[in-house]
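Chains, contacts and geometry: an overview
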Amino acid sequence: MTSNRNILVTGGLGFIGSHTVLCLKDAGYTPIIIDNLHNSRIEVLDALESLMGYRPVFVQGDVNDAAVLQGLFEMYRPEAVIHFAAHKAVGESVENPLMYYHNNVVGLISLLEVMKAQGCHKMVFSSSCTVYGEPESVPVKESTVTRPAASPYGATKQMAEVILKDNTWCEVQCLRYFNPVGAHPTAKIGELPLGVPNNLIPFLTQTVAGIREKLTVYGGDYNTADGTCIRDYIHVMDLAEAHVAAIDRLFITQRSVAVEDGDPSTDKFEVFNIGTGVGYSVLEVIAAFESATGEKVNYVVGNRRAGDVVAVWADTKKVNQVLGWSAKRDLSTMMKDAWNWQQRC
Ligand code: WQD
């Protein structure tokens, strides 16, 4: 769909944000980026310019800064917002919950207040499978009951969904991500290694690159086939493309919404699981990486990590049918692209 509509992308220089900026441009939208560079670097803008053929509009700022947001809305009149800007590490949120509640919840409220004042009533929201807590069954559907989050990070996403659903003036596509991994096939953008990685794949690739001595597998005694936790890993490019499909849907005036009992979706607040529908254990991911790259991963099996759920992966029927989207890239491609990116870092 070519539309040249301005789309504000908060956290647009981040891992998922930067890949989504690319896909928005390819779909004919005009991305406008705001990012506080807390978890990204300005060099990502140079990489985006080389990939996009022009330098996208970038404003350095925080969604908690209403004055910056107001100026941005008055200048660019975005017709929708994709809200990525948030902290996202489960383990880190256990150590620093207040930072997570302030950035992820207060930041959302600040953004919504400016959107309402500026007459922008469409949002794609970056939610998470962590809202399911330890799911009662897998694969999880949008109607799967959400249990108490296993981490403050997951709690901030649960609160955000309640806030968005209650603000019925705003039309929301709420995307519950699973585990984003990989990088753009050119390896010009990827998951930036800022500090010690919390997530599995960047820690794994840094270990293979010799930056880390060894990977610790957090727990080998879970009630799974090989004792390690299971997750639904999704290529960041597939995830980015899902955001464009959600933006497209927001501009369809008549959206019919048939939902299962228990699905919190309404005609103003639509929830979708964005995963591949396949779960892999940590040991399976390590084996897939070694097979895809020919590299050896130096790992040990250690203690469990606080905040981890045992197993979660997506039932993707709803997003396949309603958004017409499905993941196209397999685990081997995710591992190859993650490794190519690491080698350029
Ligand atoms: C994955 C598995 C760890 C590091 C992520 C994001 C969160 C959300 C959901 C979007 C777990 C194990 C990890 C390591 C390990 N995504 N692990 N050694 O916790 O599932 O959450 O996806 O909202 O934003 O953080 O991802 O990569 O940290 O862990 O064994 O050094 O790998 O125990 O089983 P997680 P993760």
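Here the structure is shown first, and the text comes after it.
In this report, we go over the structure that sits alongside the text. Not measured: the values here are computed from a predicted model.

1. Brief notes about the side chain of Ser110
Inspection of the secondary structure assignment puts Ser110 in helix α5 (residues 97–118). Overall, Ser110 belongs to the buried group, its relative accessible area being 8%. Among the polar contacts listed, one links the side chain of Ser110 to the backbone oxygen of Val63, at a separation of 2.5 Å. Apart from the residues within four sequence positions on either side, Ser110 is in contact with Val63, Asn64, Asp65, Ala66 and Leu69.

2. A short note on the sheet that holds strand β1 (residues 6–10)
What holds strands together in a sheet is hydrogen bonding between their backbones, with the strands either parallel or antiparallel. Taken in spatial order, the 7 strands line up as β3-β2-β1-β4-β5-β6-β11 in an open sheet, and their pairing is parallel. Looking at the sheet topology across the chains shown, the edges are occupied by β3 (57–60) and β11 (269–274). Geometrically, the sheet is characterised by an average inter-axis angle of 20° between neighbouring strands, direction not taken into account. Bridge analysis of strand β4 (residues 80–83) against strand β5 (residues 122–128) gives 3 bridges, and the strand direction is parallel. Its bridge partner lying in β5, Val81 is registered against Met123. Relative to the sheet, α5 contacts β1, β4 and β5, its axis offset from that of β5 by approximately 170°.

3. Examining the packing of helix α7 (residues 200–208) against helix α11 (residues 331–344)
Two elements in contact, α7 and α11, have axes separated by 10 Å at closest approach and are oriented at 55°. The angle between α7 and α11 falls in the class oblique. When the axes of α7 and α11 are compared, the crossing they make is right-handed. Contacts from Ile201, Pro202, Thr205, Gln206 and Val208 in α7 reach Met335, Ala338, Trp339 and Gln342 in α11. Taken together, the residues of the contact of α7 with α11 sort by class into 6 nonpolar, 3 polar and no charged.

4. Thoughts on the packing of aromatic side chains
Within a pair of aromatic rings, the relevant descriptors are the distance that separates the centres and the angle that separates the planes. With the rule as written, the count across this model stands at 3 aromatic pairs. Seen in terms of ring centroids, Phe289 and Trp339 are 5.8 Å apart; in terms of plane orientation they differ by 85°. Their pairing is edge-to-face. With Phe289 in helix α9 (residues 282–293) and Trp339 in helix α11, this pair connects stretches of sequence that are 50 residues apart. With respect to class, Phe289 is no different from Trp339; both count as buried. The residue whose ring lies beneath Arg5 is Phe251, and the NZ or CZ to ring-centre distance is 4.0 Å.

5. Details of the pattern of salt bridges
In the structure shown here, the tally under the stated rule is 18 salt bridges. The shortest N-O distance in the salt bridge between Arg41 and Glu43 comes to 3.9 Å. Across the salt bridge formed by Lys318 and Asp263, the nearest N and O atoms sit 2.7 Å from each other. You can see Lys318 sitting in helix α10 (residues 317–322) and its partner Asp263 sitting in the loop between α8 (236–250) and β11, a full 55 residues away along the chain. With a relative accessible area of 12%, Lys318 lands in the buried category. Owing to a relative accessible area of 10%, Asp263 belongs among the buried residues under this scheme. The network of salt bridges with shared partners includes Asp46, Glu49 and Arg55.

6. Quick notes on the site of the ligand
Around the ligand, the surrounding shell holds 22 residues, and the nearest of these are Tyr153, Leu200, Arg231, Arg305 and Asp308. Measuring from a nitrogen atom of the ligand, one finds a backbone N or O atom of Thr216 at 2.8 Å. Contributing elements (two or more residues each) for the shell around the ligand: β5, β7 (179–181) and β8 (215–218). Sorting elements by how many residues they give to the shell around the ligand places β8 first, with 4 residues. Looking at the shell around the ligand, its residues break down into 12 nonpolar, 6 polar and 4 charged.

7. A closer look at the pairing of β8
Only one face of β8 is buried: it carries Leu215 and Val217, and the other face, with Thr216 and Tyr218, is open. Note that β8 and strand β13 (residues 299–302) share 4 bridges and pair parallel. Looking at β13, one finds that Val217 is bridged to Val301.

Rules of the game
- Residues numbered from 1 in each chain as written.
- Predicted model: local features only at pLDDT ≥ 70, side-chain atom pairs only at ≥ 80, totals over all residues.
- Heavy atoms only, no water.
- Helix = DSSP H or I, 4+ residues; strand = E, 2+ residues; numbered from the N terminus.
- Buried < 20%, exposed > 50% of the residue type's maximum accessible area, 1.4 Å probe, protein only.
- Polar contact = N/O pair within 3.5 Å; in protein donor to acceptor, adjacent residues only side chain to side chain.
- Contact = heavy atoms within 4.5 Å.
- Pairing = 2+ DSSP bridges.
- Axes fitted to C-alpha atoms, helices over the stretch in contact; angles between N-to-C directions.
- Parallel < 35°, antiparallel > 145°, perpendicular 65-115°, else oblique.
- Left-handed = near helix turned anticlockwise from the far one by under 90°.
- Nonpolar A, V, L, I, M, F, W, Y, C, P; charged D, E, K, R; others polar.
- Phe/Tyr/Trp six-rings, centres within 6.5 Å; stacked < 30°, edge-to-face > 60°.
- Lys NZ or Arg CZ within 6 Å of the ring centre and 35° of its normal.
- Salt bridge = Lys/Arg side-chain N within 4 Å of Asp/Glu carboxyl O.
- Near = heavy atom within 4 Å.

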